[in-house]
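# A closer look at the structure
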Amino acid sequence: MTILNVISFPDPRLRTKAAPVAAVDAAIDQLVGDMLETLYQAPGIGLAATQVNVHKRVIVIDISKDGDDPLVLINPQLEVSGELLETQEGCLSVPGFYEPVTRREHTHVQALDRQGKPFAMDVDGLLSVCIQHECDHLQGKLFVDYLSSLKRSRIQKKLLKSRRAAA
Ligand code: QAP
Ligand code: CO
């Protein structure tokens, strides 16, 4: 398995819309394995293929304390409902920044698992937020898009500055 490079805001490749996975084959299984290794190494709770510059509808999530409960979503379809709730969100592609984002409380998701088998689940709480956040990535959307343009441009400036300093 390989640790993949996570691209960061404002990289324009994060704006790419992901294509559906045509077949859950060995190459997808390898991608899922590499994405999970990248997620655990970060460490993070969610990663979309878009963030590793692969523009396919693949997401990995693990919100467990011990990092031993991976959730793989391939070709996810969401229906959100319920009250509006605010959560502090972060993103591996926006390192060092956490800001409140308002989303719907419940998520119904249908997807394929790592074996290509269809499943559905109803979730709320952190898992619901995380699934909505990762599905946004597959559409080229980032949590910073929900912030004021002032906040977003400040974050962009700081990230570009620290990237220049690192280069
Ligand atoms: C999305 O985010 C999420 O800034 C997943 O320096 C986050 O895994 C959904 C991370 C919060 C709901 C609530 C962020 C790692 C990881 C950083 C992540 C960082 C290192 C973020
Ligand atoms: Co993210």
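In the block above lies the structure referred to throughout.
Now for a look at the structure at hand. Model, not experiment: these values are computed from the prediction. The numbering scheme is per chain: residues are counted from 1 as the chain's sequence reads. Going through the entries in the order they are written, you letter the chains from A and number the ligands from 1. Two thresholds apply to this predicted model, a pLDDT of at least 70 for residue-level local features and 80 or more for giving and counting side-chain atom pairs, whereas whole-chain, interface and lining totals are computed over all residues. Based on all heavy atoms of the structure, the side-chain values leave hydrogens and waters out of the count.

### Quick look at the pairing of strand β3 (residues 71-89)
Residues in a regular strand project their side chains so that they alternate between the two faces of the sheet. The rule for pairing is simple: two strands pair if DSSP sees at least two bridges between them. A helix here means a DSSP run of H or I that spans at least four residues, while a strand means a run of E at least two residues long, and both kinds are numbered starting from the N terminus. Sheet topology note: the strand β2 (residues 58-61)/β3 ladder contains four bridges and is antiparallel. If you follow V60 over to β3, its bridge partner there is V72.

### Section: the coordination of the cobalt ion (ligand 2)
Here the cobalt ion (ligand 2) is held by C91 (SG), H133 (NE2) and H137 (NE2), and the distances to it run 2.0 to 2.3 Å. Donor atoms are limited to N, O and S found within 2.8 Å of the metal ion, a distance that becomes 3.2 Å for Na, K and Ca. With water left out, some sites might look partial. Coordination of the cobalt ion (ligand 2) draws on donor residues from a single chain, spaced C-x41-H-x3-H in sequence. Of the two residues, C91 sits in the loop between β3 and β4 (99-112) while H133 sits in helix α2 (residues 126-138), which places them 42 residues apart along the sequence. Across the pair, exposure class does not vary: C91 and H133 are buried alike. Buried means the residue's accessible area, taken with a 1.4 Å probe over protein chains only, is under 20% of the maximum for its type, while exposed means over 50%, and partly exposed covers the values in between.

### Remarks on unusual backbone geometry
Each neighbour pair has its own omega, and for F9 with P10 the value is 5°, a cis peptide bond. Here P10 lies in the segment before α1 (26-41). Put simply, A42 and P43 share a cis peptide bond, and its omega is -10°. Mapped onto the elements, P43 comes out in the loop between α1 and β1 (46-48). Even without glycine at this site, N53 takes up a positive phi of about 60°. Secondary-structure assignment places N53 in the loop between β1 and β2. Relative accessible area serves as the criterion here: at 32%, N53 is assigned to the partly exposed category. Even without glycine at this site, N75 takes up a positive phi of about 55°. Mapped onto the fold, N75 is located in strand β3.

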